[in-house]
2 protein chains.
Amino acid sequence: MVKNLNNEQKQVKNWFFDLRNILVKKIENIDKSKFTFTDWLHSGKGGGTMGKINGNIIEKGGVNISTVSGKFSENIRSKIPGTEKNPSYWATGISVVLHPLSPLLPSIHFNSRYLNTEKSWFGGGMDITPSNEFDKEKKVFHKKLKFICDKHDPSYYLHHKKWCDDYFFLKHRNEPRGIGGIFFDHLNTGDFKNDFEYIIDIGNFFSTYVNDLIIKYKDIKWTEQQKEIQLLKRGRYVEFNLLYDRGTKFGIETGGNTDAILMSMPPNAKWK
Amino acid sequence: MVKNLNNEQKQVKNWFFDLRNILVKKIENIDKSKFTFTDWLHSGKGGGTMGKINGNIIEKGGVNISTVSGKFSENIRSKIPGTEKNPSYWATGISVVLHPLSPLLPSIHFNSRYLNTEKSWFGGGMDITPSNEFDKEKKVFHKKLKFICDKHDPSYYLHHKKWCDDYFFLKHRNEPRGIGGIFFDHLNTGDFKNDFEYIIDIGNFFSTYVNDLIIKYKDIKWTEQQKEIQLLKRGRYVEFNLLYDRGTKFGIETGGNTDAILMSMPPNAKWK
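A brief structural summary. What you see is a predicted model, and the numbers here were worked out from it, not measured in a lab.

### As for the overall build of chain A
Step number 1: From N to C terminus, chain A includes eight helices and ten strands.
Step number 2: For a compact globule of 272 residues, the expected C-alpha radius of gyration is about 19 Å, and chain A comes in at 18 Å, within 12% of that figure.
Step number 3: Across chain A, contacts joining residues at least 24 apart in sequence account for 66% of those joining residues at least 6 apart.
Step number 4: As displayed, chain A has an accessible area near 12700 Å², and 53% of this comes from carbon and sulfur atoms.

### Notes on the side chain of Asp127(B)
Residues and elements named next belong to chain B.
Step number 1: Summarising the element assignment, Asp 127 is placed in strand S6 (residues 120-129).
Step number 2: Polar contacts involving the side chain of Asp 127 include one to the side chain of His 109, which spans 2.8 Å.
Step number 3: For Asp 127, the side chain forms a polar contact with the side chain of Arg 177, separated by 3.1 Å.
Step number 4: Ignoring anything within four residues of it in the chain, the contact list for Asp 127 reads Ser 107, Ile 108, His 109, Phe 141, Cys 164, Phe 168, Arg 177, Gly 180 and Gly 181.

### Remarks on the relation of the copies chain A and chain B
Step number 1: Once chain A has been moved 0.0 Å along the axis and rotated by 180°, it coincides with chain B to within an RMSD of 0.0 Å. Both chain copies can therefore be described as sitting about a two-fold axis.
Step number 2: A share of 100% of interface residues in chain A that are also interface residues in chain B marks the association as one of identical surfaces.

### Some words on helix H7 (residues 246-253) of chain B
Step number 1: Within H7(B), the full set of buried residues consists of Thr248(B), Gly251(B) and Ile252(B). Along the axis of H7(B), the buried positions cluster into a sector of 95°, meaning they face one direction only.
Step number 2: Buried residues belonging to H7(B) abut helix H6 (224-243) of chain A together with helix H6 (224-243) and helix H8 (258-261) of chain B.

### Side note on the packing of aromatic side chains
Step number 1: The full count for this structure, using the stated rule, is 42 aromatic pairs over all chains.
Step number 2: With a centroid separation of 5.3 Å and an interplanar angle of 40°, the aromatic rings of Phe168(A) and Phe240(A) are classed as tilted. Of this pair, Phe168(A) sits in the loop between helix H4 (156-167) and strand S7 (169-170) while Phe240(A) sits in helix H6, and the two are 72 residues apart along the sequence. As far as the burial class goes, Phe168(A) and Phe240(A) line up, both buried.
Step number 3: In this structure an aromatic cluster arises from ring pairing among Trp90(A), Tyr114(A), Phe122(A), Phe192(A) and Phe196(A).
Step number 4: The ring of Trp222(B) has Lys227(B) lying over it, and the distance from NZ or CZ to the ring centre is 5.4 Å.

### Some words on the sheet that holds strand S9 (residues 181-187) of chain A
Sheet strands line up and pair through hydrogen bonds in the backbone, either parallel or antiparallel.
Residue and element names in this part refer to chain A.
Step number 1: Strand order in the open sheet made by the seven strands is S1-S2-S3-S4-S5-S6-S9, with antiparallel pairing throughout. Two strands lie at the open edges of the sheet, namely strand S1 (36-41) and S9, each paired on one side alone. The mean inter-strand angle of the sheet, taken between neighbouring strand axes irrespective of direction, is 10°.
Step number 2: Relative to strand S4 (residues 88-100), strand S3 (residues 58-71) runs antiparallel, the two sharing 13 bridges. Note that in S4 the partner of Lys 60 across the bridge is His 99.
Step number 3: Seen against the sheet, helix H5 (residues 192-217) touches S3, S4, strand S5 (107-116), strand S6 (120-129) and S9 and runs at an angle of roughly 160° to S5.

### Examining the environment of Lys119(A)
Residue and element names in this part refer to chain A.
Step number 1: As for its placement among the helices and strands, Lys 119 is situated in the loop between S5 and S6.
Step number 2: Separated by 70 residues in the primary sequence, Lys 119 and Thr 49 have C-alpha atoms spaced 26 Å apart.
Step number 3: Sequence-distant contacts of Lys 119, that is, excluding residues within four places in its chain, are made with Pro 81 and Gly 82.

### Side note on the interface of chain A and chain B
Step number 1: Contact with chain A, which involves 23 residues of that partner, is made by 23 residues of chain B.
Step number 2: For the salt bridge of Asp259(A) with Arg173(B), the shortest nitrogen-to-oxygen distance reads 3.5 Å.
Step number 3: There are seven residue pairs in polar contact (both at pLDDT 80 or more) connecting chain A and chain B.
Step number 4: For the side of chain A that touches chain B, the elements supplying multiple residues, two or more each, are H6, helix H7 (246-253), helix H8 (258-261) and strand S10 (268-270) of chain A.
Step number 5: Looking at which element gives the most residues to the side of chain A that touches chain B, the answer is H6(A), with four residues.
Step number 6: Partitioning the side of chain A that touches chain B into residue classes produces eleven nonpolar, four polar and eight charged.
Step number 7: Sheet topology note: the S10(A)/strand S10 (residues 268-270) of chain B ladder contains three bridges and is antiparallel.

### Thoughts on the sheet that holds strand S9 (residues 181-187) of chain B
Residue and element names in this part refer to chain B.
Step number 1: Here we have seven strands laid out as an open sheet, ordered S1-S2-S3-S4-S5-S6-S9, and antiparallel in their pairing. The sheet is open, and its two edges are formed by strand S1 (36-41) and S9, each paired on a single side. The mean angle between the axes of side-by-side strands here comes to 10°, regardless of whether they run parallel or antiparallel.
Step number 2: Looking at chain direction, strand S4 (residues 88-100) and strand S5 (residues 107-116) are connected through nine bridges and run antiparallel. Residue Val 97 lies in a different strand from S5, and its bridge partner there is His 109.
Step number 3: Most of the contacts of helix H3 (residues 135-152) go to S9, to which it runs at about 30°, and overall it touches S6 and S9.
Step number 4: The strands touched by H6 within the sheet are strand S3 (58-71), S4, S5 and S6, with S4 carrying the most contacts at an inclination of about 165°.

### Concerning the environment of Thr83(A)
All names here are of chain A.
Step number 1: Residue position: Thr 83 is located in the loop between helix H2 (74-77) and S4.
Step number 2: Counting along the chain gives 36 residues from Thr 83 to Lys 119, while the straight-line C-alpha distance between them is 8.1 Å.
Step number 3: Those residues in contact with Thr 83 that sit more than four places away from it in its chain are Phe 72, Arg 77 and Thr 117.

What counts and how
Residues numbered from 1 in each chain as written. Chains lettered and ligands numbered in written order. Predicted model: local features only at pLDDT ≥ 70, side-chain atom pairs only at ≥ 80, totals over all residues. Heavy atoms only, no water. Helix = DSSP H or I, 4+ residues; strand = E, 2+ residues; numbered from the N terminus. Rg over C-alpha atoms; globule rule 2.2 N^0.38 Å. Contact = heavy atoms within 4.5 Å. Areas by Shrake-Rupley, 256 points an atom, 1.4 Å probe, with all protein chains shown as cover. Polar contact = N/O pair within 3.5 Å; in protein donor to acceptor, adjacent residues only side chain to side chain. Least-squares fit on C-alpha atoms with pLDDT ≥ 70 in both. Buried < 20%, exposed > 50% of the residue type's maximum accessible area, 1.4 Å probe, protein only. Arc of directions from axis to C-beta. Phe/Tyr/Trp six-rings, centres within 6.5 Å; stacked < 30°, edge-to-face > 60°. Lys NZ or Arg CZ within 6 Å of the ring centre and 35° of its normal. Pairing = 2+ DSSP bridges. Axes fitted to C-alpha atoms, helices over the stretch in contact; angles between N-to-C directions. Salt bridge = Lys/Arg side-chain N within 4 Å of Asp/Glu carboxyl O. Nonpolar A, V, L, I, M, F, W, Y, C, P; charged D, E, K, R; others polar.

None of the figures reported here should be taken as evidence of function without further support.
Structure, rendered in structure tokens:
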């Protein structure tokens, strides 16, 4: 295990653990099925717990937490702040991907992380990928996100929304992955308390939003045609994650746990 | 169109065109369905023709040919021989991926290309990806490949087989993609005639082998369990092509035709 954490590391790690438990409980309650949990060890120090559900409403979902430390390899190091003199890092994070069975519900993605090198920062975000017209929900989702962001900094929403739009874009298809959300990295305003509260607010919002969204749509009937569109959209989801996603690439290049990294894959997908 | 081809360029381009027609005819005859063809233009000069089938035996398949020219961008250039003084290239190629409906048949991949910069060379290969124990066919496949290779150079088979094994390997899964085949690049012995004959022999072998393999297995009944394994194996196929395949990466990074590049995707895939 990773020992001798400082106060900030402890607080963040514990919050991610609490948030994981809140999310798991909410999803298990709605889905009437259980997560299975698998621990894995990191090649450096520490490790994580993969939580996986193949449920009634969530066809396939993962809620992963990890706390790891080690030294970045030379070619990764150049891309990471605060590693000029020392390649050591410590990181804790939570990552959630939910692929609901119903094509009326979007695929749902959330993650938060806290990284320490000689610098320290938060990163993360959330976005949703519907396979249908989701205009009404898009408006509500973004309005709620803006409210959370504005509490912390009036510039966050536009900035972090744009980051999300730019990041979750399939260049080779000239298509956005979904309807956006917020995304950010290297967040350190010098005020740890407020930065951490932003992370907590986002996490709490996510757990409530997901819960409400699933309840709203879970019992509405869908058609085979809607399912077909969802499966093709899931193909695009796979393309994004394997071609572009930095977390996936980073995980695979640094010898992370493959099952944990690829828990983001949908249960199935189609290509025309 | 790309004009003023030299004799070698013309011969190779014409052979790929002929091979495409042979393959299309054979597959259409067995499958009792038709390819649809779509032309596309390259961002430099030239373009290609995508041939696609969603058939009775071949659930999804593509046979693409292209002849293109242009100038490599700076960051690609450094990886390509013969571009030190001049970034111009000319290339012609054929690429085939077949995903049969039956889980008793493997996914089948073949490609050949001829590249000209200030140097010129052939590349290509073929490999098959079964989702079941395919030991008997594996032996026959490799024996036949060895026979073709040995006609041209006694070192080719072992060398090109190893290249294939090394290349079609999913490092993050510690799994080979399939049961191998042959793969090579930068082939130029100084004897264009023999090099080209090797390419022709491989192409002719492929068209006969595929035909015979499909006929052998097409009417044998399979189980739902075998289908399930095939869909999971197709997930691995997707992972390989999007995470590792150089042709896919190269195509996407150089703004190639996305539909033509991703015709290699299976019709569907699953992840546990």
